[in-house]
Each structure stands twice: as C-alpha cells, then as structure tokens.
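If you want the building blocks of each chain, they are given just below.
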Amino acid sequence: MTYSFKVALRYLASNRAQTALLIAGVAVGVYIFVFMSALIGGLAVLLLNRTVGNIAHVTIQAPDRDPVSLYGRDSGTLVAILKSVQQRTTLQSAAAFLPAIEAIPNVTSVAGVVAGNGFLTKGEAIAPVIVTGVEPDQVSAIANVAGNLVAGSGDLTIGIALIGSGLAKTMGLQVGQRVSIRSERNIDATLLIGGVFSLGVSSVDDGAIYVHLRTARVLFELPDGVSRLEVKLDDLRLAPEVARRIANTTGLKSIPWTEKNEQLLNGLVAQARSGDVIKGFALVTIVIGVASALLLSTYRRQSEIGIMRAMGATRRFVVGVFMIQGGLIGLAGGLLGAGLGYLSLLPFPLPEATSSTGLPIAIGEGAYGTAILLTFIGAIFAAIWPASAASRVDPVKVIGP
Amino acid sequence: MIVDTPLLIITDLVKEFNDGEISTTVLNGLSLSLDRGEFVALLGPSGSGKSTLLSILGTLMRPTSGRFEMLGFNLIGARDVDLTEFRNQHIGFVFQAHNLLPDFTALENVMFPAATRKGRETPVDRRRATELLDKVGLADRRDFPASKLSGGQKQRVAVARALMNSPDLVLADEPTGNLDRESARRVMDLLIDLNGTDGTTFLISTHDETIAGQCRREIRLLDGRLARERH
Ligand SMILES: Nc1ncnc2c1ncn2[C@@H]1O[C@H](COP(=O)(O)OP(=O)(O)OP(=O)(O)O)[C@@H](O)[C@H]1O
Ligand SMILES: [Mg+2]
C-alpha cells in the first residue's frame with residue numbers, strides 16, 4: 001500500500017500541469033456543490049424566517065372535548081350535544097406544565113396566552129381583530145413585537161394595546177389614541193394605543209392586537225387558565241420532534257408549526273430537490289473528468305505498466321496505483337473547492353440580513369464535509385474503470401522494441 | 001561436471017497467433033532445456049519467434065500447447081497471480097528499449113522488483129540496489145531520473161534491476177539492439193561478468209553474431225523449431 005502510494009504520488013507529480021488542471025476542475029465542481037448547498041440553505045432560512053420566525057414553533061392546546069351526550073331523563077331519548085365551536089377549550093392547569101415543558105431540550109421560551117376574536121372600533125370605523133393577551137415580559141417571546149416597533153413603545157401595561165401597522169393604517173390610528181374593543185363574548189374595553197409594530201407578515205400586521213394578559217382575561221371571561229401555550233425553539237426544524245416530546249410528557253395536544261404550513265414545507269423540499277439535481281450534475285462532471293483524465297494516463301503509461309507487470313507487480317498493485325491517484329485528486333480537489341467555497345461565501349451577510357437583490361447565502365449550510373466526502377468517493381469510483389483497464393494491460397503487447 | 005535437474009524444460013511447445021481468419025504458427029513443437037548458470041545466445045532470423053519464446057519463458061505469454069516446467073513448477077496451467085509472483089522471484093528481464101520507469105531515479109528503478117513485492121522500499125533493498133548500480137558502473141548516477149540517462153546507461157540500469165531479486169533466469173531480448181558498439185560491448189561484458197559471479201542463467205536474443213560468439217551456447221530458431229545448437 002505504501003509503495004502504491006509512492007508510485008501514485010510520483011505519477012501525479014510528474015505531470016504537474018495536468019494534475020493541477022485536473023484538481024482545479026474537480027475543485028470547480030465542488031465549489032458549485034458548496035455554493036448551491038449554501039444558496040438553497042440560505043433560501044430556506046430566509047423563507048422560514050419570514051414565515052415562521054414570528055409564530056409559535058409548537059402550539060399546545062387543550063385536548064378537544066368529546067361531544068357531551070346525555071340521556072333524556074324520562075323519555076330515554078339520546079340527546080347529543082355536538083362539539084361546538086362555541087365550546088371553548090382552555091388549559092386550566094397550564095401553569096403546572098410550564099417547568100416540564102421548559103426543561104425539554106431545544107425549548108427556548110414558553111408563553112401562555114389568552115386569545116380570541118373581537119372588533120376594534122374608532123368612531124365610525126370598525127375592524128375585526130385577533131386579540132392576544134400575554135404577560136408583559138412575554139410580549140416578544142413568540143413574535144418579536146418589541147423589536148419591530150414602528151412607533152411608540154413595547155411596554156404592555158394594563159389598558160395598553162399594541163397594534164399591527166396595517167391595522168393602524170386602515171383605521172387611521174396613532175400612538176396615544178384611544179380605541180374600543182368588543183370581544184366575541186360581547187365585553188367592551190377601552191384601550192390606549194401604546195405602540196405600532198410591523199412584523200412583515202400581513203396576516204398579523206393587518207389584524208393583531210396585543211394586550212395585557214389580565215385585560216384579555218376580562219375580555220374573554222377567562223379568570224384562570226390560558227387559551228394555549230406557545231413554544232419557541234432554538235431550531236425550528238426540530239418542531240415535530242419536540243412537539244411529540246411535549247405531548248408525551250404532558251399529555252397535551254402539541255401542534256408543530258409544520259402541520260399548519262405544509263405548502264411551505266413542500267416548497268422547501270422541492271427547492272432542495274432542484275438543488276440536489278444541480279449538485280448531482282456537479283458530481284457527475286467530476287466523475288467524468290477524473291475518469292477520462294485517468295484513462296488517458298493509463299493509455300499514455302501502458303508501456304510502463306507493462307514493464308511493472310513484467311517485473312512482478314501484481315494486478316492489484318496496478319489497480320492500487322490508479323485508484324490512489326483518483327482518491328488523491330478527489331481529496332485535493334474536494335478540499336480546495338470546499339475551502340475556496342467557504343472563503344468566497346464569507347463576505348455574504350446572513351440570509352436574514354440579505355437585501356432584496358442579494359443572494360441569501362447560509363454559509364453554515366455549505367455541506368462542506370459532504371462535498372469533500374462525495375467527491376472523494378466519486379473520484380475513487382471514477383478511477384475504477386481506468387484502474388481495471390491498467391491492470392489488464394498485456395506486457396507483451398506494450399513492451400515494444 | 002555433475003548436472004543436476006535442469007533449470008527449465010520445455011517440451012513440444014506450440015504457439016499460434018489467431019488474428020481473425022489468419023492463423024500463424026510461430027513455435028511449432030519446440031523442445032529445449034536450460035541448466036543453471038548457463039549463458040545462452042538465442043539466434044534466428046527476424047520473425048523466427050525469438051521474442052515469442054522469451055515471452056513464454058518469462059511467463060508473460062501462455063503457449064498454445066506443450067509443457068513448461070521451471071524449478072519443478074508446472075507453469076502451464078498456473079493462475080495469473082501465481083505466475084506474477086513466480087516471475088517476480090525467479091525471472092529478470094532486460095528489454096531492447098523503454099525499459100525503465102522514466103519518473104523514477106536509477107536507484108528506484110533497480111529497487112522496483114523488491115519494492116513491489118514488499119509494498120515498500122526497505123533500507124536493505126536500498127543497499128543492495130546501490131551495490132548493483134555500483135557493479136554496473138553507475139554508482140554516480142544513482143539518483144538520476146531514468147529519463148535523463150543515456151541509452152547505454154539505461155540498459156545497464158535495466159541489467160541491475162533484472163538482478164535485484166536474485167533471479168534464477170535472466171531473459172534479455174536484444175539488450176544491445178539500440179546501442180552503439182562501445183555501449184553494447186560494455187553491456188555484454190557486464191552480463192558475462194555477472195553470469196560468472198552469480199551463477200544465474202542468461203538467455204539473450206540477438207542478431208549480432210559477435211555477441212553470440214561471446215556466449216557459451218547458441219540456440220538457433222528456424223521455422224518454429226530449433227535449427228542447430230552449439231554447445
Ligand atoms: N500478437 C501477435 N499476433 C500475431 N502475430 C504475432 C504476434 N506476435 C508475434 N507475431 C508473429 O510471430 C512471429 C514471430 O515474432 P517474434 O517477435 O517472436 O520474432 P523475433 O524472432 O523476435 O523477430 P525480431 O528478430 O524481428 O525481433 C512474427 O511473424 C510475428 O509477426
Ligand atoms: Mg524480437
């Protein structure tokens with residue numbers, strides 16, 4: 001093995017220009033691979049952040065109640081009260097579960113909210129809104145409301161409302177104005193607008209209001225318990241797994257964001273697949289390039305191969321010499337391409353910070369190790385044919401006078 | 001002199017080449033034996049089958065039929081791996097040209113037969129190869145790339161390499177064919193000298209009658225058989 005290595009290295013070194021060109025060619029393929037991985041990864045990060053960044057990664061709800069059924073006392077007729085949308089499911093003992101949920105790995109924050117629908121009125125104008133009541137310190141736990149204020153402050157004291165920018169615009173509302181809210185349970189409250197936020201998600205910006213948890217309790221007649229728990233994770237891709245764990249530990253119904261965003265997920269998968277196709281082509285190019293270069297080399301060196309065989313070199317030895325050349329080229333090209341890829345991706349901003357015209361590059365998604373490994377394997381694979389051709393060289397035919 | 005069993009025996013050797021329709025019988029029932037330590041010239045007109053015979057004796061080519069035994073081994077039906085190992089241990093070659101690996105030094109070329117067998121170049125082999133280069137008068141060219149040696153120097157390196165694994169038989173196919181008279185003489189003197197000291201058997205094909213005259217035995221091929229022998 002050591003000796004095959006020496007011979008392989010010598011062959012690669014003897015034609016430096018050709019070897020350099022070959023390694024450069026492989027490196028270009030690897031570069032494309034890395035660049036595509038980082039770009040596809042960046043696009044995914046960008047899309048996920050835009051859509052999933054400001055929603056709960058896992059939502060915990062009370063289990064659906066079964067329809068209540070009773071028997072008529074006298075007649076024996078079955079009276080079934082169907083599951084009704086009016087029938088509210090609340091998490092009465094949510095607080096008891098909080099420590100257990102917070103202890104689950106990857107969970108970064110848990111917020112209990114009391115939420116419901118209502119109408120916001122300002123003079124003659126009226127608009128449907130979704131009212132979310134949270135503890136003041138948790139206002140930005142799920143959606144980064146405080147970080148996306150366009151006016152006012154994020155302090156959520158009792159009597160204060162934070163409203164979306166779209167809603168503010170259509171209703172002509174400004175910080176410091178008073179509005180009234182009527183909840184779905186016909187309870188009214190007058191609130192002062194403390195801040196206007198813009199999360200960049202129109203469904204939220206156009207109809208969401210954040211209020212103090214206690215305000216919401218009054219509006220929705222929920223003296224205790226919460227409507228749901230919202231959980232944020234450090235890695236949103238782990239949502240289905242974490243949701244399962246939460247369900248297992250608490251027995252509560254846990255819904256990962258992925259369940260409500262299948263289209264987005266399908267889109268991401270399709271995007272990744274098209275990236276894979278391009279990466280596949282890059283690999284195929286590498287394999288063809290290495291195979292043809294080595295095949296040419298076996299042809300050029302066939303009289304030398306014949307001499308070696310006459311000197312008692314085994315077929316296995318000859319195969320080794322050419323396979324090692326393939327492997328070394330793959331490794332060198334892989335390291336070079338991945339290294340250059342990484343360096344050239346360094347100047348790109350994070351996908352989250354990408355301007356609308358820039359490429360969203362996730363430098364961490366470059367799949368460098370995979371690129372190097374696949375190139376190495378591909379180059380060894382590419383060497384099989386040339387190596388076996390070399391090992392079948394007939395010394396008698398090639399050792400001419 | 002008591003002659004024990006010969007180094008090699010071939011009996012009724014036939015070699016046909018079939019190129020599509022045309023079939024050429026090059027060796028036609030050739031029988032021959034070589035003893036240890038012999039120094040033999042192989043003569044015959046061009047196309048008489050000298051190179052073919054050397055290839056068969058060197059286990060690089062299989063005969064169409066016949067028997068071939070060397071050192072008690074029947075080499076006719078042997079597997080390729082076994083022939084390769086046998087060749088590595090017992091047979092040395094010197095070809096007419098393009099003998100050396102051009103990307104390796106003279107020393108590395110000489111060491112090759114040992115290195116390919118052991119999987120590495122050992123210090124012992126390095127010492128032996130250096131001695132052999134010294135013997136062929138090329139100690140000062142030890143670390144020269146083979147591609148930078150003259151034709152005569154290359155042939156002498158090839159001779160040193162043929163002896164690296166202390167073979168029982170050295171086959172040389174027109175080893176001086178490409179050399180000028182002076183270089184040819186040096187190579188022949190070297191072969192004769194080595195034969196005298198090591199007791200290795202040499203079989204040398206040549207067109208040169210003066211070279212043949214330096215050999216103790218002559219084998220002449222004609223029409224695929226032995227034409228005449230001089231002992
Ligand atoms: N692979 C082959 N296919 C067909 N015919 C072949 C092949 N190899 C050799 N021959 C034929 O066999 C015959 C003997 O060839 P060989 O090379 O052994 O002769 P030679 O005695 O070495 O000649 P020279 O002195 O010119 O080197 C020639 O007629 C040649 O054409
Ligand atoms: Mg010949």
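The rules behind these values
- Residues numbered from 1 in each chain as written.
- Chains lettered and ligands numbered in written order.
- Predicted model: local features only at pLDDT ≥ 70, side-chain atom pairs only at ≥ 80, totals over all residues.
- Heavy atoms only, no water.
- Domains from an automatic or database assignment.
- Helix = DSSP H or I, 4+ residues; strand = E, 2+ residues; numbered from the N terminus.
- Buried < 20%, exposed > 50% of the residue type's maximum accessible area, 1.4 Å probe, protein only.
- Contact = heavy atoms within 4.5 Å.
- pLDDT = per-residue confidence, 0-100.
- Axes fitted to C-alpha atoms, helices over the stretch in contact; angles between N-to-C directions.
- Nonpolar A, V, L, I, M, F, W, Y, C, P; charged D, E, K, R; others polar.
- Pairing = 2+ DSSP bridges.
- Buried area = accessible area lost by both parts, 1.4 Å probe.
- Salt bridge = Lys/Arg side-chain N within 4 Å of Asp/Glu carboxyl O.
- Parallel < 35°, antiparallel > 145°, perpendicular 65-115°, else oblique.
- Left-handed = near helix turned anticlockwise from the far one by under 90°.
- Near = heavy atom within 4 Å.
- Polar contact = N/O pair within 3.5 Å; in protein donor to acceptor, adjacent residues only side chain to side chain.
- Areas by Shrake-Rupley, 256 points an atom, 1.4 Å probe, with all protein chains shown as cover.
- Phe/Tyr/Trp six-rings, centres within 6.5 Å; stacked < 30°, edge-to-face > 60°.

Moving on to the domain arrangement of chain A. By domain assignment, chain A separates into domain 1 (3-51 + 265-398) and domain 2 (88-251). Inter-centroid distance (C-alpha atoms) of domain 1 of chain A to domain 2 of chain A is 52 Å.

Turning our eyes to something else, we now look at unusual backbone geometry. All names here are of chain A. Unlike most non-glycine residues, Ala367 shows phi in positive territory, near 55 degrees. Looking at the element boundaries, Ala367 is found in the loop between α11 (315-345) and α12 (368-391). Residue classification places Ala367 among the partly exposed residues on the basis of a relative accessible area of 25%.

The next subject is the environment of A:Ser109. The residue A:Ser109 is located in strand β4 (residues 107-122) in this model. When near neighbours in sequence (up to four residues on either side) are disregarded, A:Ser109 contacts A:Ala141, A:Ile142, A:Glu230, A:Val231 and A:Lys232.

Per-residue confidence for chain A averages 86 on the pLDDT scale, and 92% of its residues sit at or above 70. By mean pLDDT, the top-scoring element of chain A is α11(A) (96), and the lowest-scoring one is strand β2 (residues 68-71) of chain A (56).

Attention now goes to the packing of helix α1 (residues 2-14) of chain A against helix α3 (residues 106-118) of chain B. Close contact between α1(A) and α3(B) brings their axes to 11 Å; oriented N to C, the two are set at 140 degrees. Between α1(A), through A:Tyr3, A:Lys6 and A:Arg10, and α3(B), the contact on the second element is made entirely by B:Glu108, B:Phe112, B:Ala115 and B:Thr116. Grouping the amino acids of the contact of α1(A) with α3(B) by side-chain chemistry returns three nonpolar, one polar and three charged.

Residue and element names in this part refer to chain A. Judged from the three bridges that link them, strand β1 (residues 58-61) and strand β11 (residues 228-233) form a sheet pairing that is antiparallel. Paired with Thr59 across the strands is Glu230, a residue of β11. Pairing between β1 and strand β12 (residues 253-256): four bridges, direction antiparallel. Residue pairing for β12: Thr59 is matched across the bridge by Ile255.

This paragraph deals with the interface of chain B and chain A. The interface of chain B with chain A comprises 27 residues on the first partner and 26 residues on the second. Between chain B and chain A lies a buried interface of about 2,400 Å² when both sides are counted; carbon and sulfur atoms form 61% of it. Interface area lost by chain B to chain A is led by B:Asp103, B:Phe104 and B:Phe112, which between them contribute 24%. Our count for the chain B to chain A interface comes out at six salt bridges. Between A:Lys6 and B:Glu121 there is a salt bridge, and its shortest N-O distance comes to 2.7 Å. Of all the secondary-structure elements, those providing two or more residues to the side of chain B that touches chain A are α2 (80-90) and α3 of chain B. The element best represented in the side of chain B that touches chain A is α3(B), accounting for five residues. Per-class residue counts for the side of chain B that touches chain A are 11 nonpolar, nine polar and seven charged.

Let us look at the sheet that holds strand β5 (residues 73-74) of chain B. Residue and element names in this part refer to chain B. With antiparallel pairing, four strands are arranged side by side in an open sheet as β2-β1-β4-β5. For this open sheet the edge positions go to β2 (22-34) and β5, each flanked by a neighbour on one side alone. Summarising the sheet, strand β1 (residues 8-19) and strand β4 (residues 65-70) pair through five bridges and their orientation is antiparallel. Within the sheet, the bridge partner assigned to Ile10 lies in β4 and is Phe68.

Residue and element names in this part refer to chain A. Axis separation between helix α2 (residues 16-52) and α11 bottoms out at 7 Å; the angle between their running directions is 45 degrees. Considering the angle they form, α2 stands oblique to α11. Here the hand of the crossing between α2 and α11 comes out right-handed. Contacts from Leu22, Ile23, Val26, Ala27, Val30, Tyr31, Val34, Phe35 and Ala38 in α2 reach Ile329, Gly330, Ala332, Gly333, Gly334, Leu336, Gly337, Ala338, Leu340, Gly341, Ser344 and Leu345 in α11. Partitioning the contact of α2 with α11 into residue classes produces 15 nonpolar, six polar and no charged.

Across all of its chains, the model carries 26 salt bridges over all chains by this definition. Here A:Lys279 ties to A:Asp276 by a salt bridge, and the two come within 3.5 Å at their closest N and O atoms. Of this pair, A:Lys279 and A:Asp276 are both found in helix α9 (residues 262-300), three residues apart, which corresponds to roughly one turn of the helix. Of the charged contacts, one joins B:Arg185 and B:Asp189 as a salt bridge, the two residues approaching to 2.7 Å between their closest N and O atoms. One end of the pair, B:Arg185, and the other, B:Asp189, are both in helix α6 (residues 181-198), four residues apart, so they sit about a helical turn from each other. Connected through shared salt-bridge partners, A:Lys6, A:Arg10, B:Glu108, B:Glu121 and B:Arg126 make up one network.

Along the polypeptide, B:Ser55 turns up in helix α1 (residues 50-57). Here B:Ser55 falls in the buried class, since its relative accessible area comes to 12%. Discounting chain neighbours no more than four positions away, the residues touching B:Ser55 are A:Val396, B:Leu60 and B:Met61.

Here we come to the pairing of β2(B). Residue and element names in this part refer to chain B. Note that β1 and β2 share 10 bridges and pair antiparallel. Note that in β2 the partner of Ile9 across the bridge is Ser33. Adjacent in sequence and paired antiparallel, β1 and β2 are bridged by two residues, among which Gly20 carries a positive phi angle near 65 degrees.

Moving on to the site of ligand 1. All names here are of chain B. In the region of ligand 1, 13 residues are neighbours, and Ser46, Lys50, Ser51, Thr52 and His207 sit closest. At 2.5 Å from an oxygen atom of ligand 1 is found a side-chain nitrogen or oxygen belonging to Ser46. A distance of 2.7 Å separates an oxygen atom of ligand 1 from a polar side-chain atom of Lys50. Within the complex, the protein chains bury 64% of what would otherwise be the 640 Å² of accessible surface of ligand 1. For the shell around ligand 1, the secondary-structure elements that each account for two or more residues are β1 and α1.

A separate point is the confidence of the model for chain B. Per-residue confidence for chain B averages 91 on the pLDDT scale, and 97% of its residues sit at or above 70. Confidence metrics for the complex model read pTM 0.78 and ipTM 0.93.

Our focus in this paragraph is the packing of aromatic side chains. Tallied over the full model, the rule gives 10 aromatic pairs over all chains. Here A:Tyr3 and A:Phe317 contribute two aromatic rings whose centre-to-centre distance is 5.8 Å and whose plane-to-plane angle is 25 degrees, an arrangement assigned as stacked. Of this pair, A:Tyr3 sits in helix α1 while A:Phe317 is found in helix α11, placing the two residues 314 residues apart along the sequence. The same class applies to A:Tyr3 and to A:Phe317, which are both buried. Summarising the aromatic geometry, the rings of A:Tyr11 and B:Phe104 are spaced 6.4 Å apart at their centres and angled 70 degrees between planes, so their arrangement reads as edge-to-face.

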